[in-house]
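So the chains spell out like this:
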Amino acid sequence: MLKYSRDIIEKVLDAVDIVDVIGARLTLKPAGPNRFKALSPFSNERNPSFMVSRDRQIFHCFSSGKGGDAIHFLMEYEGLSFGEALRTLAEQAGIRIASPLTAEDREESLRQELFELNGWVNGRFQQHLSDSKQGIKARSYLEQRDIPPALIKRFGIGYALPDGNDLIQAARNKQFNLGLLEASGLFRKNPEGWYDFFRDRITFPIRDLNGRVVAFGGRDLSGNSPAKYINTPETPIYRKSKVLYGLYEARDAMRKAGRAVLVEGYVDLIRCHAAGVEYAVATCGTALTEQQAALIRRYVPEIIVVYDGDEAGLKAAVRGAGVLTGAGLKVHALALPDGLDPDDFVRRDGAEAFQALLDTAPDFVTFYANIRKNQLNSPEAKADAARELFEILSGVDNSILVEEYLNRIAEALGLSLWTCREAYRRFMASRNSRGSAVSKPTQTAGRTFSRDDQMFLADLLAYPDLRGEVALELADVEIENPVLANALEWVLEQDESVNNQNSEKLRGAAAAHLDPDALGLVSASMLLDPHDRNLAEPFVRERVRGLKLKYLEKKSRQLTESLRTAERNQDKTRVVELLETIAGTRRQMEELIRASRGGTASTVK
């Protein structure tokens, strides 16, 4: 990240309240004095484990291990870089940030320049559309599609002129450098030079969660292009797997409605908004990804998938339903009559008819069974259908939810629940034995620390006098867990003026020096109330013994292996040395065990 001064970072953090920052994005509920909780936006859970502390100005998500200050929340939640998150909070607080101290991170600078360029390009496309002469063909097309002027303005729809030199010449006249123009994906090069990628097309700006234009989609008006729709290729600010068209515009409506509607194209989405369904988002022709599903899950617990009615569309819907279900969303599905898409259906039958279909959309299992009902006339067909539905469930890491869906599958396919359960068990066993690529997510490094780890650090942060003794005790101890090792090293390096009462100083220092996983552990520790002083000392003492014992156990195993090697090599001198070292190591282990049982006192005072 770019190097911003510690003073400016702390000034920005001091000027905002993390409860306000997170509360504007999540529904927070009181969880004690100056503490709040919410369902995690980073994982699928039914009981809230996402905690926010107002007095310490930090958050911690116990289900995902993520944590930190307001800057790190925006980085995780909105996918921002450090500099972007810092500037977002600075703007909110009315603080002007000077240029960073160094410019060694050119990628960050390039990202900002691309945002500026895309914003300028979008403005130019909009000017072309509104121009009385240049935009006449594009406006005529939009009128034919019955797209209201208010939505043209809201979604920033524009027009790229047929002249392939318009945008490139204007960009060069604006002094945008050629390297930036090339990185934007908005231009192409042939032997004669650079030319515009978007030519004679209606343009749809694609925005990130902050409303910044990251890419464009374009609909051909010439009738001569082999591609009716094209998109900006991926760039440093646009990763198509992480962006949904219309999400920026739909977020508030999604929260209010408690659900989202997923469609496939730009015009379908805009038609949904015209029909009053302002909680629609679109994939724009790409297969739904886990990142996109996670984005939707941040805002709503439920989604309705509107799919094209052919066989390819059904298979795409099945794949998408698996991704959405795996993200913890309750999935409903809808196929519009006569194979119509949302745009055509709403224009033919009206907004109320569309709303009625959405309100009665069945869950995906029932929907799938209804679509396949004419094909489910044999045991083999039912088995095939069950396997497709089981594939959807394979990504669900919630046994209660799996059981609920198995009930629905059994009912929809006319199977007994026991038969359905057994078939699913065999399916999963077979799938796991194949080492399927679509397996349950592995535990993240951020979740490898325990409650004891958190309390250990909480006590050390609260009572500076314990830190020096612990540092001496563990000076020669290698801690196996790298997350704990990193976090503990940082805690032990803090001087005596640092304790859990000056949390602002703590969170700033932690954010500047720790990797994300270790920061998550420290953040979790800062959210906990430490033991009383008389209980903290014996607890810390016992944790130190445990860490030393674990290290010595590992050392003993390594020494024993070395002894076997020395014996095979008949190296008598080495054998004697190793026997003495092993004996000494085992004596140390026995002393620690006796001390843990109350036999001796620890040096941790």
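Residues numbered from 1 in each chain as written. Predicted model: local features only at pLDDT ≥ 70, side-chain atom pairs only at ≥ 80, totals over all residues. Heavy atoms only, no water.

What should I look at first to understand the overall build of the protein in this one?
Each helix and strand counted, the protein has 26 helices and 15 strands in total. Evaluated residue by residue, the protein yields a buried proportion of 50% over its 605 residues. Sequence separation of at least 24 residues holds for 68% of the intrachain contacts in the protein that already meet a minimum separation of 6. Accessible surface, the protein: about 29,100 Å² in total, of which carbon and sulfur atoms supply 48%. (Helix = DSSP H or I, 4+ residues; strand = E, 2+ residues; numbered from the N terminus. Buried < 20%, exposed > 50% of the residue type's maximum accessible area, 1.4 Å probe, protein only. Contact = heavy atoms within 4.5 Å. Areas by Shrake-Rupley, 256 points an atom, 1.4 Å probe, with all protein chains shown as cover.)

Sorry if this is basic, but what is going on with the pairing of strand 9 (residues 201-207) here?
The element strand 9 is extensively covered by neighbouring structure, given that seven of its seven residues are classed as buried. Every second residue of strand 9 is oriented toward a common face, with Arg201, Thr203, Pro205 and Arg207 on one face and Ile202, Phe204 and Ile206 on the other, all of them buried. Where strand 9 meets strand 10 (residues 213-220), seven bridges bridge the pair, whose relative direction is antiparallel. Residue pairing in the sheet places Phe204 in a bridge with Gly217 of strand 10. Between the end of strand 9 and the start of strand 10, which pair antiparallel, lie five residues, with Gly211 showing a positive phi angle near 85°. (Pairing = 2+ DSSP bridges.)

I tried to follow unusual backbone geometry on my own but got confused; where do I start?
Of all residues except glycine, most have a negative phi; of all peptide bonds, most are trans. In this structure, Gln57 takes a positive phi of about 55° despite not being glycine. Looking at where Gln57 falls in the secondary structure, it is placed in the loop between strand 3 (50-53) and strand 4 (58-61). On the accessibility criterion, Gln57 (11% relative accessible area) is buried.

How should I be thinking about the sheet that holds strand 6 (residues 158-160) in this particular structure?
Hydrogen bonds between backbone groups are what pair the strands of a sheet, and the pairing can be parallel or antiparallel. Read from one edge to the other, the open sheet built from four strands follows the order 6-9-10-11, with strand pairing classed as antiparallel. The open sheet has two edge strands with one neighbour each: strand 6 and strand 11 (229-231). Direction aside, the axes of adjacent strands within the sheet are offset by 35° on average. Strands in contact with helix 11 (residues 266-274) are strand 9, strand 10 and strand 11; relative to strand 9, the strand with the most contacts, it is inclined by about 70°. (Axes fitted to C-alpha atoms, helices over the stretch in contact; angles between N-to-C directions.)

What is the right way to look at helix 24 (residues 516-527) in this model?
What sets the pattern is the α-helix's 3.6 residues per turn: residues three or four places apart point alike. Over its twelve residues, helix 24 extends 16 Å from the first C-alpha to the last, a length consistent with the 16 Å expected when each residue adds 1.5 Å. With ten of twelve residues buried, helix 24 lies mostly within the body of the structure. (Expected span 1.5 Å × (residues − 1).)

Would you explain the nonpolar core in this entry?
Within soluble globular proteins, side chains that are nonpolar tend to cluster in buried spots. Residues Phe50, Phe73, Tyr245, Met254, Ile296, Leu324 and Phe364 are the most contacted members of the largest nonpolar core, which totals 147 residues. With near-sequence residues (within four places) excluded, Phe364 lies in contact with Ala317, Val318, Ala321, Val331, His332, Ala333 and Ile392. In terms of nonpolar packing, the next biggest core, distinct from the first, is built from 35 residues, Ala458, Tyr463, Leu528 and Val540 among them. (Core = buried A, V, L, I, M, F, W, Y, C linked by side-chain atoms within 4.5 Å.)

Can you help me understand the packing of helix 20 (residues 451-462) against helix 24 in this one?
Each pair of packed helices can be described by the angle between their axes along with the distance between the axes. Helix 24 packs onto helix 20 with a crossing angle of 70° between their chain directions and a minimal axis gap of 8 Å. Between helix 20 and helix 24, the angle falls in the class roughly perpendicular. As helix 20 packs across helix 24, the resulting crossing turns out to be right-handed. Residues Asp453, Gln454, Leu457, Ala458 and Leu461 of helix 20 lie in contact with helix 24, whose contacting residues are Leu521, Ala524, Ser525 and Met526. Of the residues that constitute the contact of helix 20 with helix 24, the class distribution is six nonpolar, two polar and one charged. (Parallel < 35°, antiparallel > 145°, perpendicular 65-115°, else oblique. Left-handed = near helix turned anticlockwise from the far one by under 90°. Nonpolar A, V, L, I, M, F, W, Y, C, P; charged D, E, K, R; others polar.)

How do you make sense of the pattern of salt bridges when you look at a structure like this?
Any two side chains of opposite charge can pair if their charged atoms end up close together. According to the stated counting rule, one finds 30 salt bridges in the structure shown. Residue Glu84 pairs with Arg111 through a salt bridge whose shortest N-O separation is 2.8 Å. Of the two residues, Glu84 sits in helix 4 (residues 82-93) while Arg111 sits in helix 5 (residues 106-130), which places them 27 residues apart along the sequence. Residue class for Arg111 comes out buried when judged on its relative accessible area of 14%. (Salt bridge = Lys/Arg side-chain N within 4 Å of Asp/Glu carboxyl O.)

For this particular structure, what's the right way to read the sheet that holds strand 15 (residues 330-335)?
Read across the open sheet, the four strands follow the order 13-12-14-15; overall the sheet is parallel. The open sheet has two edge strands with one neighbour each: strand 13 (280-282) and strand 15. Neighbour to neighbour, the strand axes of the sheet diverge by 25° on average, direction disregarded. Direction of pairing for strand 12 (residues 260-263) relative to strand 14 (residues 302-307): parallel, over a ladder of three bridges. Across the sheet, Leu262 pairs through a bridge with Val305, a residue of strand 14.

I tried to follow the pairing of strand 7 (residues 187-190) on my own but got confused; where do I start?
Strand direction decides the pairing type here: strand 7 and strand 8 (residues 193-196), joined by four bridges, are antiparallel. Pairing of Asn190 across the sheet is with Gly193, part of strand 8. A loop of two residues connects strand 7 with strand 8, the two strands running antiparallel in sequence.

I tried to follow the environment of Ile71 on my own but got confused; where do I start?
Inspection of the secondary structure assignment puts Ile71 in helix 3 (residues 70-78). In this structure Ile71 comes out as buried when scored by relative accessible area, which is 0%. For the pair Ile71 and Phe82, spaced eleven residues apart in sequence, the C-alpha to C-alpha distance is 7.0 Å.

What's the story with the environment of Arg46 in this structure? I'm lost.
Looking at the secondary structure, you find Arg46 in the loop between strand 2 (35-38) and strand 3. Classification of Arg46 by relative accessible area gives partly exposed; the value is 48%. Between the alpha carbons of Arg46 and Gly328 there is a distance of 9.3 Å; along the sequence they are 282 residues apart.

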